[in-house]
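# Reading the structure
Spelled out from the first residue to the last, the chains are:
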Amino acid sequence: MSDALFEYLCRMGDNTLVLGHRISEWCGVAPVLEEDIALANTALDLIGQTQLWLGLAGEVEGKGRDADQLAFHRDVWDFRNLLLVEQPNGDFGRTMMRQFLFDGWHLAQLKGLMTSSNDQIAAIAEKSVKEVTYHLERATDTVIGLGDGTEESHKRMQDALDRLYPFVGEMFIADAVDQAMVSDGIAPDPSTLRPDYDAMLDAVLAEATLQKPTDDFAHKGGKSGARHTEHLGHMLTQMQWLQRAYPDATW
Amino acid sequence: MVTEKPSLETVWSWLSAVPDPEIPVISLTDLGIIRDVQWRGDTLEVTVTPTYSGCPATRIINLDIETALRAKGIEKLSLKRQLSPAWTTDWLTDTGKARLEEYGIAPPQPAGGPQHCPRCKSTQVEKISQFGSTPCKAQWRCQSCLEPFDYFKCI
């Protein structure tokens, strides 16, 4: 049971860690100042949430690992994030499409966790919901603005959606870890979140004049750790560089 | 040696003199992040809730609380982090809100946007971005005096 809980908390924390790192790659190079600041702030929220999730994961595991050790001393096969969040940024449109697809799931998931039987999880979710509500609001506005924008921006957003949509399915597929969380009243069954997500997606995409791909094929293997895409390893060489070169270095 | 413990009221008044590190016109008690102060035996326990989970000021705030209380002679001190109930801008005091506005930051409004431009008081304002120079703020612009300004987000 505590193994499943540890896995589950790593999934939550690795999602926010990997996406937080990905969007921090935009810091200083985003298309306009406001977007640069917004992406950096979103990254900051996600990294803050990571400290809470991975901190709790370390406590549950009981082997003396803290959030930093989990973030910087694990290699790619130990990461439990969704494949979606490790995908490279691409252009600004693709970054915002990835954010929108993730935020919609993230907010629904966190709202479900607010009534978790585990008080610490419920408290982290309660805190995070407020932040993620802003993330989703902004990502939605941007997807609509760029999708229903110029010919060029529309094309880029459609390309981004076509490319990222095969990674949406993984967010809603329940496995043994999810089943264990459901039976202990810790977390919602992810498959139950899909209908509302689809309705939200359809409404936003219609307003953004974008077409949802008809093929529902889903890449899997991120949250189970079975098979990450090649991109995560490359990202970790950047993110973990300092701790790999100088193990246990501190400020 | 017998030392008298300062009353909780006195401790609260000390804390109300500690400024927020990012927005120094308001104090930590104005911000509403000090949730509780208690004596546990001879240890003073201060319960603090973060504004945003990734706010880098959180660590500085803890350090500032510790420094301020140590300077008043508190030797045994414990800082407790509390996540729930999550911080809300409803906990900003009226004094805090007034000071924010004087400083040029529009205070949070339940309607979700600033009431008026903190400089010229025009109600013709528009949102530039949901995010601003710190996690707790958004960027807005006044359409009358054309000045951009920070809005303290309502959460």
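Above this text you will find the structure in question.
Residues numbered from 1 in each chain as written. Chains lettered and ligands numbered in written order. Predicted model: local features only at pLDDT ≥ 70, side-chain atom pairs only at ≥ 80, totals over all residues.

## A closer look at the overall build of chain B
Check the secondary structure of chain B and you find four helices and seven strands. Along chain B, from the amino end to the carboxyl end, the secondary structure elements read α-α-β-β-α-β-α-β-β-β-β. Here chain B holds 155 residues, and 32% of them are scored as buried. In chain B, the share of contacts with a sequence separation of at least 24, taken over all contacts with a separation of at least 6, comes to 50%. (Helix = DSSP H or I, 4+ residues; strand = E, 2+ residues; numbered from the N terminus. Buried ≥ 20, exposed ≤ 12 C-beta atoms within 10 Å, placed from the backbone. Contact = placed C-beta atoms within 7 Å.)

## Let's talk about the sheet that holds strand β1 (residues 34–40) of chain B
One key point about sheets: their strands pair by backbone hydrogen bonds, in either a parallel or an antiparallel sense. All names here are of chain B. In space, the three strands of this open sheet follow the order β1-β2-β3, with mixed pairing throughout. Unpaired on one side and paired on the other, β1 and β3 (77–81) mark the two borders of the sheet. Strand-to-strand twist across the sheet, computed as the mean angle between neighbouring axes with direction ignored, equals 20°. As defined by bridge partners, β1 adjoins strand β2 (residues 43–48) across six bridges and the pair is classed as antiparallel. In the strand pairing of β2, R40 is matched with T43. (Pairing = 2+ DSSP bridges. Axes fitted to C-alpha atoms, helices over the stretch in contact; angles between N-to-C directions.)

## A word on the interface of chain A and chain B
Between chain A and chain B, the residue contacts involve 21 residues of the former and 15 residues of the latter. Elements supplying a minimum of two residues to the side of chain A that touches chain B: α2 (33–61) and α6 (119–147) of chain A. The element best represented in the side of chain A that touches chain B is α6(A), accounting for 11 residues. A breakdown of the residues in the side of chain A that touches chain B according to their chemical character gives nine nonpolar, four polar and eight charged. (Nonpolar A, V, L, I, M, F, W, Y, C, P; charged D, E, K, R; others polar.)

## Overview of the packing of helix α1 (residues 2–24) of chain A against helix α8 (residues 176–183) of chain A
Residue and element names in this part refer to chain A. Where α1 meets α8, the axes come as close as 9 Å, and the angle between the chain directions of the two elements is 110°. By the angle class used here, α1 and α8 are roughly perpendicular. Every residue of α8 that contacts α1 at A4, E7 and Y8 is listed here: V177, A180 and M181. When its residues are assigned to classes, the contact of α1 with α8 shows five nonpolar, no polar and one charged. (Parallel < 35°, antiparallel > 145°, perpendicular 65-115°, else oblique.)

## Some words on α2(A)
The end-to-end C-alpha separation of α2(A) is 41 Å, in line with the 42 Å expected for 29 residues at 1.5 Å each. Just beyond α2(A), the residue with positive phi is A:G62, at close to 70°. (Expected span 1.5 Å × (residues − 1).)

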